[in-house]
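Chain by chain, the residues run as shown.
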Amino acid sequence: MIIPARLASSAHCFRALCTAVVVVCMFAVNAAQADYRQSVAVLRIGVVESHPAAANPIKIEAVKNAFSTALGIPVEIIRMRSYAALIDAHASGRIGYAIHSTRSFVATEAVCGCVRALRTPVAADGSTGFRSVLVVRDKVTKPISALKVAYSRADSVSGWRIPSQAMDAGSLDRPQLVRAGSIAAVIDLYRSGKVDGFFGWLPDVPDAAGSDTGRLFGGWNHDRMQSADPLRVLWSSQRVPYGPHAVHRSLPDDLVEALGAFLDQMPKSAPGLLDIFEPFFAGGYVTPDPQDYRNVAGLVEASSDPEIQAR
């Protein structure tokens, strides 16, 4: 039987339309099946016990309820005794979301390659990270190798780990080192004239010069430093991003998107929650570049002590 061309064309269009309808229906079914509310029974969020909100049951409950309401699924807040425990729980998938220090995140990624940085907090001054610096008296003219330089502790990332790495690599000359034990002790040694300078950190603000010594240690000791001799930056490290909120790569993409949107909206929609969740970072969140953390991967080895805080 010979079918007219116009009828054949109509039949072809009808079949194509039916096929398209089937494809759309299949997509809708698959999308419904892929909805994280159906596949994720509970989201477990890990925080270390040293987090300011972790010690207050009322604050923990507020965070849990806010996440659960925003996501539409049950949420559990898991308190970890240390960053070592957080790393182990996140790497093993026992928690899906975690608030990391920079070093604990890099260590987790080194252990399993199974986490990704979702958002990085922004400080009130606009900084999204910091730089380790060597600061000295402005009048000092001696070479670095002849300087007496204080540092706080061997477990401080900015005060020792990063400078030590630079000295070992030969990019920073090794001065005469004095272990002070704390930031307060470092400042006391400098004010008393017993050292020429010290290792510390400066906030890194996008598009800013980054050498304002009045902002050393985030400006927390500015009053004590005002009465001391003027300082200048003699050496600065590469940028180190603040510790991220990170997710396990096994979480569904739509859940990760919902988490990111919730964090992005938090400064405007729930500023009180942001104060609880990020008491030291009042500027909300930004999406980090994955390279930000790859740049500081040398700070940790998979087998090293992961108890170190971000700065």
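All of these numbers come straight from a predicted model, not from anything done at the bench.

Cut-off values and rules
- The written sequence of each chain sets the order in which its residues are numbered from 1.
- Two thresholds apply to this predicted model, a pLDDT of at least 70 for residue-level local features and 80 or more for giving and counting side-chain atom pairs, whereas whole-chain, interface and lining totals are computed over all residues.
- Based on all heavy atoms of the structure, the side-chain values leave hydrogens and waters out of the count.
- Each cavity reported here is a set of points on a 1 Å grid over the protein atoms alone in which a 1.4 Å probe fits but cannot get out, each pocket an open set with protein on both sides within 12 Å along at least five of seven lines, and each lining residue one with an atom within 4 Å of a point.
- Grid points are joined across faces, edges and corners, and a volume is the space filled by probe spheres set on the points.
- Under the DSSP-based scheme used, a helix requires at least four consecutive residues in state H or I and a strand at least two consecutive residues in state E, with every element numbered from the N terminus.
- Residues are grouped as follows: nonpolar covers Ala, Val, Leu, Ile, Met, Phe, Trp, Tyr, Cys and Pro; charged covers Asp, Glu, Lys and Arg; every other residue, Gly included, is treated as polar.
- Only when DSSP finds a minimum of two bridges between them are two strands counted as paired.
- By definition, residues are in contact when any of their heavy atoms lie within 4.5 Å.
- Lines fitted to C-alpha atoms define the axes, with helix axes restricted to the stretch in contact, and inter-axis angles between N-to-C directions lie between 0 and 180 degrees.
- We define a salt bridge as a side-chain nitrogen of Lys or Arg found within 4 Å of a carboxyl oxygen belonging to Asp or Glu.
- Accessible area is worked out with a 1.4 Å probe on protein chains only. A residue is then buried under 20% of its type maximum, exposed over 50%, and partly exposed in between.

Engineer: With reference to specific residues and values, describe empty space enclosed by the protein.
Structural biologist: The gaps of empty space that remain are located by a probe, the size of a water molecule, rolled over the atoms. Throughout the structure, instances matching the rule amount to one cavity of 30 Å³ or more. Empty space within the largest cavity amounts to approximately 40 Å³. In terms of lining residues, the largest cavity is bounded by I45, V47, H51, A53, I60, V63, I77 and F277. Elements represented by at least two residues in the lining of the largest cavity include exactly β1 (43-48) and α3 (57-71). Of the residues in the lining of the largest cavity, the class split is seven nonpolar, one polar and no charged.

Engineer: Can you break down the sheet that holds strand β11 (residues 245-248) residue by residue, with the values?
Structural biologist: The strand order across the open sheet formed by six strands is β2-β1-β3-β11-β4-β12, and the pairing between neighbours is mixed. Because the sheet does not close on itself, it has two edges, and the strands there are β2 (75-80) and β12 (285-286). Here three bridges tie strand β3 (residues 97-99) to β11, and the two strands are oriented antiparallel to one another. From the neighbouring strand, A98 faces β11, where its bridge partner is A246. Against the sheet, helix α5 (residues 102-112) engages β4 (115-121) and β11, with an angle of about 170 degrees to β4. Here helix α9 (residues 253-269) sits on the sheet and contacts β1, β3, β4, β11 and β12; the angle it forms with β4, its principal contact strand, is near 10 degrees.

Engineer: Go over the pattern of salt bridges with me, naming the residues and quoting the values.
Structural biologist: All told, the structure shown has 15 salt bridges when counted by the stated rule. Residue R44 is joined to E76 by a salt bridge in which the shortest nitrogen-to-oxygen separation is 3.3 Å. You can see R44 sitting in strand β1 and its partner E76 sitting in strand β2, a full 32 residues away along the chain. Given the relative accessible area of 32%, E76 is considered partly exposed. Measuring nitrogen to oxygen at the nearest pair gives 2.9 Å for the salt bridge that ties R137 to D229. One end of the pair, R137, is in strand β5 (residues 129-137); the other, D229, is in the loop between α8 (222-226) and β9 (231-236), with 92 residues separating them in the sequence. With relative accessibility at 8%, the residue R137 sits in the buried group. Taking relative accessible area as the criterion, D229 reaches 32% and is therefore assigned partly exposed. One network of salt bridges, in which partners are shared, links R131, D204, R239 and D292.

Engineer: Tell me what's going on with the pairing of strand β8 (residues 197-204), and back it up with residues and numbers.
Structural biologist: Counting buried positions along β8 yields eight of eight residues, so the element is predominantly enclosed. In terms of strand pairing, β5 meets β8 through eight bridges, oriented antiparallel. Its bridge partner lying in β8, V133 is registered against G200. Here strand β6 (residues 148-151) runs beside β8; their pairing, made up of two bridges, is parallel. Paired with A150 across the bridge in β8 is F198.

Engineer: Could you give an account of the side chain of S104, with specific residues and numbers?
Structural biologist: As for its placement among the helices and strands, S104 is situated in helix α5. Discounting residues that sit within four places of it in the chain, S104 has contacts with Y83, L86 and I87.

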